[in-house]
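Report on the structure
Residue strings, one per chain:
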Amino acid sequence: MAALPADAHVHSEYSWDTGGPSSPTAVGTMQRTCAQAVRIGLPVVIFTEHLDFSGWRASPEDFAEHERRLIDHDGLMQPPLMDVEGYFGSIDRCRREFPGLRVLTGVEFGQPHLDRHAADAHIDFSALDRVNGSLHTLPFAGHRSEPVTMYRELSDPAEVVWAYLSEALVMVDGGDFDVYTHIDYAARYWPTEEHGPFDHRRFEDGFRQVMREIAASGRALEMNTSRPLRPWIPQWWAEEGGHAVSFGSDDHATSGLAANFHESMALLDYFGFSPGRRPEDFWTG
């Protein structure tokens, strides 16, 4: 069996959507995740905690109970800032407790094209091993909203996907990050009950254009393995000149660590990508 690459998109109690470091019910913790990594033979974990600054208009039904308290009376979600000191302290403790596991640092920087100045004031990016860039919110009705909210309010769901792809180009052009994560984020919440399964072919030109821009910027694309795999993503990435791929489970609860990695590795190998020298290196093609 081939050696596993690093899981380079992992959340712990230092991400606001897991319950927080002070919560006894936090669904994912750094210590438990490291223990799970050792059990399954994962050589490297990169803890990429949520780093969000700009709030967005949200619907309570789209969030878990522990997250709803972050929505104010005007319906705006404003996550708390990442506890940087606590995070690095936990990293140090896990490195001591699990000496055979390589524990690396990172963030999942939401909307990096909007908030780099605020982020620089909050965390030293030079101290991080990986910066994942994520597009979770889009301009909508005078605020920003997540795709799941926009689907509820727009009659044509295709508008949401095209809005996502348009904003993705802005993010690639103006954001500072290493890896573009979950490029299928808008597709995850496609309203299948009303509109049938998501058909990626309807949006092929848009996805390919975003991939070309990511590739031209020299960044890697994430193979996000937390959902059913979408073979068209690595296929189009390779065809549009993409050279580097990162693996990420997007795990928030320990149990999903390195989920579907073997299937993803086979898929990447099929499309001409090969592992680097170290588990944390990008696969390249």
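Let us look at the structure shown here. (Residues numbered from 1 in each chain as written. Predicted model: local features only at pLDDT ≥ 70, side-chain atom pairs only at ≥ 80, totals over all residues. Heavy atoms only, no water.)

Take the overall build of the protein next. Regarding its fold elements, the protein presents 11 helices and 12 strands. Scaling as 2.2 N^0.38, a compact globule of 285 residues should have a C-alpha radius of gyration of about 19 Å, and the protein matches this with 18 Å. Expressed along its principal axes, the backbone C-alpha trace of the protein runs to roughly 55 × 45 × 35 Å. Here the protein, with 285 residues, has 55% of them falling under the buried criterion. Across the protein, the fraction of contacts at a sequence separation of at least 24, relative to all contacts at a separation of at least 6, is 72%. Roughly 12,400 Å² of accessible area belongs to the protein as shown, and the carbon and sulfur atoms make up 49% of that amount. When the 23 basic and 44 acidic side-chain charges of the protein are each reduced to a single mean position, those positions are 4 Å apart. (Helix = DSSP H or I, 4+ residues; strand = E, 2+ residues; numbered from the N terminus. Rg over C-alpha atoms; globule rule 2.2 N^0.38 Å. Buried < 20%, exposed > 50% of the residue type's maximum accessible area, 1.4 Å probe, protein only. Contact = heavy atoms within 4.5 Å. Areas by Shrake-Rupley, 256 points an atom, 1.4 Å probe, with all protein chains shown as cover. Lys, Arg positive; Asp, Glu negative; His and termini not counted. Charge placed at Lys NZ, Arg CZ, Asp CG, Glu CD.)

Here we come to the packing of helix H6 (residues 158-174) against helix H9 (residues 204-216). H9 packs onto H6 with a crossing angle of 10 degrees between their chain directions and a minimal axis gap of 10 Å. The orientation of H6 relative to H9 falls into the category roughly parallel. Side by side, H6 and H9 meet where Val-161, Trp-162, Leu-165, Ala-168, Leu-169 and Val-172 of the first sit next to Gly-206, Phe-207, Gln-209, Val-210, Glu-213 and Ile-214 of the second. Split into classes, the residues belonging to the contact of H6 with H9 amount to 9 nonpolar, 2 polar and 1 charged. (Axes fitted to C-alpha atoms, helices over the stretch in contact; angles between N-to-C directions. Parallel < 35°, antiparallel > 145°, perpendicular 65-115°, else oblique. Nonpolar A, V, L, I, M, F, W, Y, C, P; charged D, E, K, R; others polar.)

Taken as a whole, the largest pocket holds about 480 Å³ of empty space. As for the largest pocket, its lining consists of 25 residues, of which Asp-17, Glu-146, Tyr-185, Tyr-189 and His-252 are closest to the centre. Considered class by class, the residues forming the lining of the largest pocket number 8 nonpolar, 8 polar and 9 charged. (1 Å grid on protein atoms, 1.4 Å probe; cavity = no way out; pocket = protein on both sides within 12 Å on 5 of 7 lines; lining within 4 Å. Points joined across faces, edges and corners; volume = space filled by probe spheres on them.)

Another point: the pattern of salt bridges. This model, assessed by the stated rule, comprises 14 salt bridges. One continuous salt-bridge network, built from bridges that share partners, spans Glu-204, Arg-208, Arg-212, Glu-239 and Glu-240. (Salt bridge = Lys/Arg side-chain N within 4 Å of Asp/Glu carboxyl O.)

We now examine the sheet that holds strand E10 (residues 220-224). Across the sheet, 8 strands lie side by side as E1-E2-E5-E6-E9-E10-E11-E12; this open sheet has mixed pairing. Single-partner strands in this sheet number two, and they are strand E1 (7-10) and strand E12 (283-284). In this sheet, strand E9 (residues 179-180) lies alongside strand E6 (residues 130-134) in parallel orientation, the contact comprising 2 bridges. Within the sheet, the bridge partner assigned to Gly-133 lies in E9 and is Tyr-180. (Pairing = 2+ DSSP bridges.)

Remember that the coordinates give geometry; whether it matters functionally is a separate question.
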